2 protein chains.
Amino acid sequence: MPASAQIHQPLYEVKADLFRGLAHPLRIRVLEILSEQVARSYDGDPTDGDAMGGEVGGVPVSDLLQQTGLEASHLSQHLSVLRRNNLVVGERRGSQVFYRLAYPQVADLLAVARVLLREILQTNQDRLTSSESLPAVGNSHRRDRTAR
Amino acid sequence: MPASAQIHQPLYEVKADLFRGLAHPLRIRVLEILSEQVARSYDGDPTDGDAMGGEVGGVPVSDLLQQTGLEASHLSQHLSVLRRNNLVVGERRGSQVFYRLAYPQVADLLAVARVLLREILQTNQDRLTSSESLPAVGNSHRRDRTAR
DNA sequence: ATGCGATATGATGAAGTTATCAATTCATCA
DNA sequence: TGATGAATTGATAACTTCATCATATCGCAT
């Protein structure tokens, strides 16, 4: 890699970092929980009573803990990754820490990803059921690596 | 995690996989090149003459090679990751292979990421110049890990 | 101040990813 | 057919990331 890229376009790096922050199932899980909470705060869905969700602003770690069934330190580590990548912010209120998305755009990103994913999955589905064997590319032996 | 999650929501996994596919500067680079090419094909920007860009559909690997300055096998490996994640498709035409985005939504995803990134960077910028020290959360010593 | 509940950090082995080099395949042309 | 250019695959060492356990910090109540 040319040194010039270092100074002028670490942009790819930064963007890649952003995605790297998202590149783990648990972190996605957490972000979706936080997105939901944002969404709920708009239309005031009453189904969460009070025992279940954050109310004022953000979801307490304890909630995330029980919703994910994770070990505390493990979750904490992932939260720290999310924090480092500026995807969430945590705020201490009393003895608990409440997390929320750092920017509403994070939810957008997840939403767009969801759309793309739907396309992808559907296409794959179709390919399977109609078994139309596209020649594709990769020196084409080794077909159907389907399930990654 | 309940076993039901395995069958019913490997969704987090799948989504995380998607992001993992994006989680590398070179792959972002490649995707942006391919996105550009898509964009250009709409408004027919004439600045690419002919020596530089794919014309019919997709960008040939040779172009990606010279634009990224990578070693062939290295690029190929990343392309293979992108292919595996259904982000691009490659098509052999004669002795060359032409790549393009598998779905236009991939470009959307990048665009949304760009927006988010702009927010993030700007906020960080602001924080730096005004040095308003938020208590933040993480047992708050160790400030300013800035450059990751 | 001491102790407790709630989170966060550190350290470490296991697992996964990236970069590099060698070997292979496919298409074209002599 | 054999040589050549274009791209992919395989193998492997260097590097990261993840999961787990132990330890530390913060805030609140005693």
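Reading the values: rules and limits
- Residues numbered from 1 in each chain as written.
- Chains lettered and ligands numbered in written order.
- Predicted model: local features only at pLDDT ≥ 70, side-chain atom pairs only at ≥ 80, totals over all residues.
- Heavy atoms only, no water.
- Pairing = 2+ DSSP bridges.
- Helix = DSSP H or I, 4+ residues; strand = E, 2+ residues; numbered from the N terminus.
- Phe/Tyr/Trp six-rings, centres within 6.5 Å; stacked < 30°, edge-to-face > 60°.
- Buried < 20%, exposed > 50% of the residue type's maximum accessible area, 1.4 Å probe, protein only.
- Lys NZ or Arg CZ within 6 Å of the ring centre and 35° of its normal.
- Contact = heavy atoms within 4.5 Å.
- Buried area = accessible area lost by both parts, 1.4 Å probe.
- Salt bridge = Lys/Arg side-chain N within 4 Å of Asp/Glu carboxyl O.
- Polar contact = N/O pair within 3.5 Å; in protein donor to acceptor, adjacent residues only side chain to side chain.
- Nonpolar A, V, L, I, M, F, W, Y, C, P; charged D, E, K, R; others polar.
- Expected span 1.5 Å × (residues − 1).
- Arc of directions from axis to C-beta.
- Near = heavy atom within 4 Å.

**Examining the pairing of strand 2 (residues 88-93) of chain B**
Residues and elements named next belong to chain B. Sheet topology note: the strand 2/strand 3 (residues 96-101) ladder contains six bridges and is antiparallel. Residue pairing across strands places Arg-93 opposite Gln-96, the latter belonging to strand 3. Between the antiparallel neighbours strand 2 and strand 3 lie two residues, among them Gly-94 with a positive phi of about 70°.

**Considerations on the sheet that holds strand 2 (residues 88-93) of chain A**
Residues and elements named next belong to chain A. Pairing in this open sheet of three strands is antiparallel, and the strands run 1-3-2 from one edge to the other. Across the chains shown, the open sheet's two edge strands, defined by having one partner strand only, are strand 1 (59-60) and strand 2. Of the strand pairs in this sheet, strand 1 and strand 3 (residues 96-101) are connected by two bridges, and their pairing is antiparallel. Following the sheet pairing, Val-59 is matched in strand 3 by Tyr-99.

**Here we look at the packing of aromatic side chains**
One pass over the full model with this rule turns up one aromatic pair over all chains. Relative to B:Phe19, the ring of A:Phe19 has its centre 6.0 Å away and its plane inclined at 20°; by these criteria the two rings are stacked. Taken as a pair, A:Phe19 in helix 2 (residues 11-22) and B:Phe19 in helix 2 (residues 11-22) lie in two separate chains rather than in one. Just as A:Phe19 is buried, B:Phe19 falls in that class too. For A:Arg93, the ring lying beneath its charged end belongs to A:Phe98, and the centroid distance is 4.2 Å.

**Regarding the interface of chain A and chain B**
Each partner contributes to the interface: chain A provides 49 residues, whereas chain B provides 50 residues. Of the roughly 4,500 Å² buried between chain A and chain B, counting both surfaces, carbon and sulfur atoms make up 70%. Linking chain A with chain B are two salt bridges. B:Glu32 is the salt-bridge partner of A:Lys15, the closest N and O atoms lying 2.7 Å from each other. For the pair chain A and chain B, the interface holds four residue pairs in polar contact (both at pLDDT 80 or more). Those elements that place two or more of their residues in the side of chain A that touches chain B are helix 2, helix 3 (25-43), helix 5 (72-84), strand 2, strand 3 and helix 6 (104-130) of chain A. The dominant element in the side of chain A that touches chain B, judged by the number of residues it contributes, is helix 6 of chain A, at 17 residues. Partitioning the side of chain A that touches chain B into residue classes produces 26 nonpolar, nine polar and 14 charged.

**Overview of unusual backbone geometry**
All names here are of chain A. Backbone geometry at Asn-86 places phi at a positive 60°, although glycine is not the residue there. Structurally, Asn-86 can be placed in the loop between helix 5 and strand 2. The class for Asn-86 is buried, based on a relative accessible area of 18%.

**A word on helix 5 (residues 72-84) of chain B**
Along an α-helix, a turn takes 3.6 residues, which lines up residues three or four apart on a common side. All names here are of chain B. Between its first and last C-alpha atoms helix 5 spans 18 Å; for 13 residues at 1.5 Å apiece the expected length is 18 Å, and the two agree. Within the sequence span of helix 5, burial applies to Leu-75, His-78, Leu-79, Val-81 and Leu-82. The buried residues of helix 5 occupy one face: seen down the axis, they fall within an arc of 155°. Phi turns positive, to about 60°, at Asn-86, one or two residues after helix 5.

**Examining the pattern of salt bridges**
Evaluated as defined, the whole model comprises ten salt bridges over all chains. Where A:Asp17 meets A:Arg20, a salt bridge forms, and the shortest distance between an N and an O atom there is 2.6 Å. Taken together, the residues span about one helical turn, with A:Asp17 and A:Arg20 both in helix 2 at a distance of three residues. On the basis of relative accessible area, A:Arg20 is assigned to the partly exposed category, the value being 32%. Each of A:Lys15, B:Glu32 and B:Arg114 takes part in one network of salt bridges that share partners.

**Details of the protein's contact with DNA strand D**
Surveying the vicinity of DNA strand D reveals 27 residues, the closest of which are A:Ser73, A:His74, B:Ser73, B:Ser76 and B:Tyr99. Here A:His24 contributes a side-chain N or O atom positioned 3.4 Å from a phosphate oxygen of DNA strand D. Here a base nitrogen of DNA strand D and a side-chain polar atom of A:Gln77 are 3.1 Å apart. Those elements that place two or more of their residues in the surface near DNA strand D are helix 5 of chain A together with helix 4 (61-68), helix 5 and strand 3 of chain B.

**Comments concerning the protein's contact with DNA strand C**
In the vicinity of DNA strand C lie 27 residues, with A:Ser76, A:Tyr99, B:Ser73, B:His74 and B:His78 positioned nearest. Near the protein, within 4 Å, the atoms of DNA strand C are sugar or phosphate in 71% of cases. A:Tyr99 is positioned with one of its side-chain polar atoms (N or O) 2.7 Å from a phosphate oxygen of DNA strand C. Here B:Ser73 contributes a side-chain N or O atom positioned 2.7 Å from a base nitrogen of DNA strand C.

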